[in-house]
Amino acid sequence: MTLISVPPVPAGRFGAFVRDMRATGEVLISPVATFRRFRDRRPLLGPWVSLSLAMLMVTLGTVSITQRAATHLLQETATPEMVDRVEASLHQMKVFSVAMAPLSLAVRWAGIALLMWALGVLVSPGTSFRTLLSVVALSAAPDVLGRTTDLAVTWHLGPEFRPDLTPSISPATSLAALFPASFGGPWVTALLDQLTPFSIWTGALWILGLREWEDMGGVRAAQIVLPPWIAVRLTGAALEVVRGSLASLGGFPPG
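Definitions and cut-offs
- Numbers given to residues run from 1 along each chain, matching the order in which its sequence is written.
- Note on the predicted model: pLDDT of at least 70 is required for a residue's local features to be given, and 80 or more for side-chain atom pairs to be given and counted; whole-chain, interface and lining totals, by contrast, use all residues.
- Computation of side-chain values covers all heavy atoms of the structure but excludes hydrogens and water.
- Secondary structure elements are defined from DSSP: runs of H or I of at least 4 residues count as helices, runs of E of at least 2 residues count as strands, and each element is numbered from the N terminus.
- Expected span of a helix, by definition, is 1.5 Å for each gap between consecutive residues, and there is one gap fewer than residues.
- Only protein chains enter the area calculation, which uses a 1.4 Å probe; residues under 20% of their type maximum are buried, those over 50% are exposed, and those in between are partly exposed.
- By the convention used here, residues are in contact when the closest approach between their heavy atoms is within 4.5 Å.
- Between the N-to-C directions of two axes lies an angle of 0 to 180 degrees, each axis being a line fitted to C-alpha atoms and, for a helix, fitted only over the stretch in contact.
- These descriptions rest on fixed angle ranges, namely under 35 degrees for roughly parallel, over 145 for roughly antiparallel, 65 to 115 for roughly perpendicular, and the rest for oblique.
- Should the near helix be turned counterclockwise from the far one by less than a right angle, the crossing is left-handed, whereas a clockwise turn marks it as right-handed.
- Polar here means any residue other than Ala, Val, Leu, Ile, Met, Phe, Trp, Tyr, Cys and Pro, which are nonpolar, and Asp, Glu, Lys and Arg, which are charged; Gly is therefore polar.
- Joining through side-chain atoms within 4.5 Å is the link that ties buried Ala, Val, Leu, Ile, Met, Phe, Trp, Tyr and Cys residues into a set, and such a set is a nonpolar core.
- Within a predicted model, pLDDT stands for the predictor's per-residue confidence, ranging from 0 to 100.

*Asks:* Sorry if this is basic, but what is going on with helix 6 (residues 141–157) here?
*Replies:* Given 3.6 residues per helical turn, the α-helix brings residues three or four places apart onto the same face. Relative to the 24 Å expected for 17 residues at 1.5 Å per residue, helix 6 spans 24 Å between its end C-alpha atoms, a close match to the ideal helical length. Of the positions making up helix 6, those classed as buried are Ala141, Pro142, Val144, Gly146, Asp150, Leu151 and Thr154.

*Asks:* Would you explain the environment of Val144 in this entry?
*Replies:* Residue position: Val144 is located in helix 6. Classification of Val144 as buried rests on a relative accessible area of 6%. In this structure, the C-alpha to C-alpha distance between Val144 and Ser52, residues 92 residues apart in sequence, is 9.5 Å. Those residues in contact with Val144 that sit more than four places away from it in its chain are Leu51, Ala54 and Met55.

*Asks:* How should the environment of Lys94 be read in this particular structure?
*Replies:* Considering the arrangement of structural elements, one finds Lys94 in helix 4 (residues 80–123). Taking relative accessible area as the criterion, Lys94 reaches 18% and is therefore assigned buried. Separated by 32 residues in sequence, Lys94 and Thr62 place their C-alpha atoms 9.2 Å apart. Ignoring anything within four residues of it in the chain, the contact list for Lys94 reads Leu60, Val63, Ser64 and Gln67.

*Asks:* Would you mind going over the packing of helix 5 (residues 129–138) against helix 8 (residues 197–214) with me for this structure?
*Replies:* For any two helices packed against each other, one specifies the inter-axial angle together with the distance between the axes. With their axes 9 Å apart at the nearest point, helix 5 and helix 8 run at an angle of 135° to one another. Classed by the angle they form, the pair helix 5 and helix 8 counts as oblique. Between helix 5 and helix 8 lies a crossing of right-handed hand. Two secondary-structure elements touch here, helix 5 through Thr131, Leu132, Ser134, Val135, Val136 and Leu138 and helix 8 through Leu205, Trp206, Gly209, Leu210, Trp213 and Glu214. Here the contact of helix 5 with helix 8 is built from residues that sort into 8 nonpolar, 3 polar and 1 charged.

*Asks:* It is not clear to me how helix 5 should be interpreted in this structure. Could you clarify?
*Replies:* Where burial is concerned, most of helix 5 is hidden: 8 out of the 10 residues are buried. Every buried residue of helix 5 is accounted for by Thr131, Leu132, Leu133, Ser134, Val135, Val136, Ala137 and Leu138.

*Asks:* I would appreciate a short explanation of the nonpolar core in the present structure.
*Replies:* Generally speaking, soluble globular proteins have nonpolar side chains that are buried together. Grouped together as the largest cluster of nonpolar side chains are 32 residues, with contacts concentrated most on Phe35, Leu51, Trp109, Met116, Val136, Trp206 and Leu210. Taken together, the elements giving at least two residues each to this core come down to helix 1 (11–29), helix 3 (45–75), helix 4, helix 5, helix 6, helix 8 and helix 9 (218–249). At 6 residues, helix 5 tops the list of elements feeding residues into this core. Contact partners of Leu51, with chain neighbours within four places excluded, come to Thr24, Leu105, Trp109, Ala137, Ala140, Ala141 and Val144.

*Asks:* Honestly, the confidence of the model for the chain in this entry has me stumped. Any pointers?
*Replies:* Do not read the fine detail of predicted coordinates wherever pLDDT is low. Summing up the model confidence of the chain, the mean pLDDT is 80 and the portion of residues at 70 or higher is 78%. Element-level mean pLDDT values for the chain span from 61 in strand 2 (residues 167–168) up to 94 in helix 5. Every residue in residues 1–10 is under pLDDT 50, and counting partners more than four places away or in other chains gives 0 contacts. Counting interchain partners and residues more than four positions distant, the pLDDT-below-50 stretch residues 250–255 has 7 contacts.

As structure tokens, this is what we get:
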């Protein structure tokens, strides 16, 4: 008599998904072992879900601090009707920012991986976009950890204010924190803001991931990684400079 076999519940897939989520934290402690564990596959969904949840919390905390600081400032200078309008606008911004956090994370990863892939075609033609995207995803925990650190410091000390009187959460661990605010002008300050232990940590993980998964030397991996890493830092600095310039054009004094 032949028994009808029932396909087992794909618990293995769920277990692999959970392991992929855990890997985003394990890579901070044992990066080499973590990357080697994924030599045969390239996780994406697990890292994206775990870090999206973390970014949701960070974004919620960041916008909440900004909202409270702006409201407190307006209560001293604006009419109650204006305060109500601004509070409603800030609430909408909070909902939008939190909802967009997972998507913005995925878009950021894809953009960085695309830059790496464009260089990889020249330096190491066999490198796939999926591999590069997975390297970026597994290496994203330091960036989230850095944002969490900035949030914790701002929560304790309070936000800074830009020239247009909007609250700003500056990187608490950046090189810019070691120098006066007027040091070197806006471009130098913006570039120093981008240089933190967490951003350097992220770049090192990119190189390590490529070295382990593509069996390439550290120099070749650095040739693929460093230009996108520098481009990300320059883009962030440029956006900060443009934001400051727009505030000055709006009639606010620089500083």
